[in-house]
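Notes for the structure review
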Amino acid sequence: MVNVIKLRKGLDIQLQGKAEEKKIQLKSKGIYALVPDDFEGVVPKVTVREGDHVKAGDALFVNKQFPEVKFASPVSGVVREVVRGERRKVLCIKVEADASHESVDFGKKDVAKMDGKSVVEALLEAGIFGYINQLPYAVSTNPATAPKAIFVSALRDKPLACSFDYEVKGQEQDFLTGIAALSKIAKVYVGVGRDSALTSHLSPLTSENVEVNIFDGKCPAGNVGVQVNHLSPVNKGEVVWTIGDPTVVLFIGRLFNTGKVNLLRTVALCGSEIKSPAHVDMLVGEELSTLLSNSYDNQKSVRIINGNVLTGKPTSKDGFLGAHTSEITVIPEGNDADEMLGWILPRFKQFSVNRSYFSWLLGKKAYSLDARIKGGERHIIMSGEYDKVLPMDIYGEYLIKAIISGDIDRQEALGIYEVAPEDFALAEFVDSSKLELQRIVRKGLNILRKENA
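Attention here is on the structure that accompanies the text. (Residues numbered from 1 in each chain as written. Predicted model: local features only at pLDDT ≥ 70, side-chain atom pairs only at ≥ 80, totals over all residues. Heavy atoms only, no water.)

What follows deals with the overall build of the protein chain. Helix and strand counts for the protein chain stand at 12 helices and 19 strands. What you see for the protein chain is a C-alpha radius of gyration of 22 Å, in line with the 22 Å of a compact globule of 453 residues. Each principal axis of the C-alpha atoms in the protein chain carries an extent, and together these give about 65 × 50 × 50 Å. A burial count over the protein chain gives 54% of its 453 residues as buried. (Helix = DSSP H or I, 4+ residues; strand = E, 2+ residues; numbered from the N terminus. Rg over C-alpha atoms; globule rule 2.2 N^0.38 Å. Buried < 20%, exposed > 50% of the residue type's maximum accessible area, 1.4 Å probe, protein only.)

Below, the discussion takes up the nonpolar core. Tyr131 and Phe175 are the most contacted members of the largest nonpolar core, which totals 67 residues. Each residue touching Phe175, except ones within four places of it in the same chain, is listed here: Ala154, Phe164, Val168, Leu198, Leu202, Pro246, Val249 and Leu250. Within the second largest apolar cluster, 54 residues are counted, among which are Val139, Val224, Ile394 and Leu435. (Core = buried A, V, L, I, M, F, W, Y, C linked by side-chain atoms within 4.5 Å. Contact = heavy atoms within 4.5 Å.)

Applying the stated criterion across every chain, the model contains 12 aromatic pairs. Judged by centre distance (4.7 Å) and plane angle (10°), the rings of Phe151 and Tyr189 are stacked. Separated by 38 residues along the polypeptide, Phe151 in strand β11 (residues 149-153) and Tyr189 in strand β12 (residues 188-192) bring together distant segments of the chain. Tyr189 sits in the buried class, given a relative accessible area of 13%. (Phe/Tyr/Trp six-rings, centres within 6.5 Å; stacked < 30°, edge-to-face > 60°.)

Strand order in the open sheet made by the 5 strands is β16-β15-β19-β17-β18, with mixed pairing throughout. Each edge of the open sheet carries a strand with a single partner, namely β16 (278-283) and β18 (313-315). Looking at each pair of strands side by side, their axes are set apart by 30° on average, direction ignored. Where strand β15 (residues 264-270) lies against strand β19 (residues 327-332), 3 bridges are found, and the strand directions are parallel. (Pairing = 2+ DSSP bridges. Axes fitted to C-alpha atoms, helices over the stretch in contact; angles between N-to-C directions.)

What follows is about the pattern of salt bridges. One pass over the structure, following the stated rule, counts 17 salt bridges. Of the charged contacts in the structure, one is a salt bridge between Lys158 and Glu422, with a shortest N-O distance of 3.3 Å. In this pair, Lys158 sits in the loop between β11 and α2 (164-168) while Glu422 sits in the loop between α10 (408-413) and α11 (425-430), placing the two residues 264 residues apart along the sequence. When its relative accessible area of 13% is taken as the criterion, Lys158 is described as buried. Here Asp216 makes a salt bridge to Arg194, at a shortest N to O gap of 3.3 Å. Note that Asp216 is positioned in strand β13 (residues 210-216) and Arg194 in the loop between β12 and α4 (198-202), a separation of 22 residues in sequence. The exposure class of Asp216 is buried, given its relative accessible area of 14%. Residue classification places Arg194 among the exposed positions, given a relative accessible area of 56%. If you follow the salt bridges from partner to partner, you end up with Arg156, Glu167, Asp245 and Arg265 in one network. (Salt bridge = Lys/Arg side-chain N within 4 Å of Asp/Glu carboxyl O.)

Quick look at the structure:
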């Protein structure tokens, strides 16, 4: 039996530039880079030197705190550069790919004959265990934790998101293998959308250790933190593993089915500034310059985002595909906008949550929004506007105030162990106070993790 959970709170932002369900072919220039900052909470220790030759699956760096957690190279080639920033912080490790692709052969495995310990060992050996996150703290997990459950969200509902149903077509067996492998470690809760084709594929796996739930509601129903909150909230002292990026399950399934690390993923090239929005298959860490070379008007001032518009990070043509990135989004920067009379105009072409503009009279339509904040930071207004877009059993505004004031006891009482920064992405969008809520939540989680260490 599949459970249906209806969510009434949330907000779907309709944007122009959604990628068509077609794929374009690209020929990479051969430079790839793995970025440690893509794995929250990991302090990297580089295990290769410039000039070393690596195969796909060989470790480029490990988690300094847990050296058994390796991070695999997506390609075979020569390590060209270990890029460092201030205080010798590792920014990325660049690899120049070989003409012929070679992979480390870890051997095919029959998941049905494995136990949880052997599954974890296989993921550690292949260097993809670090792609699994955990709550509390919303960081890359470690093998020392014993999760009470594992949550997988196969629902992407953020603006312009790459549909996972589209990505998984033809790879259903890899996904099922990945879920079966995870179920050997702990009970797996899989969250899908209302019309997802995955529901029927997952039905044979549904047992006491795999549970499928349909989340019927607006964004952020696809957030794994929202799904945890509705199914099995995290209390102090408990740990759950989370996979908010369902492509990671494909990585796991491919490893057991082929014995090799394959970090290929489908990415949506989208946004109102993209000439022909479409999908493309790329490896983790692949350079973006080839993808973006002729995709938009270079004369315009644009914001290139590694990820979606709510939670992604600003990047440039010289950037690299993030480890958990399923969209490369290009929108107007907005620094060249010249609006006569400013806010006094009726603004039929701009979106407003609270009907400040007359555009709400036009019904549902797709908007071309830019990157402007449209206002300055100010004191928190306790208006309940966070609660309207936060379908979780927490008091968002009070939690934010507790984090800002540094009241740890209050944070714990208000449910900080259950949240991740992305859960506040929509609240940040509608926030009248113009606060960087995701940054505030991340800072609070980091302090809490340090205090509890």
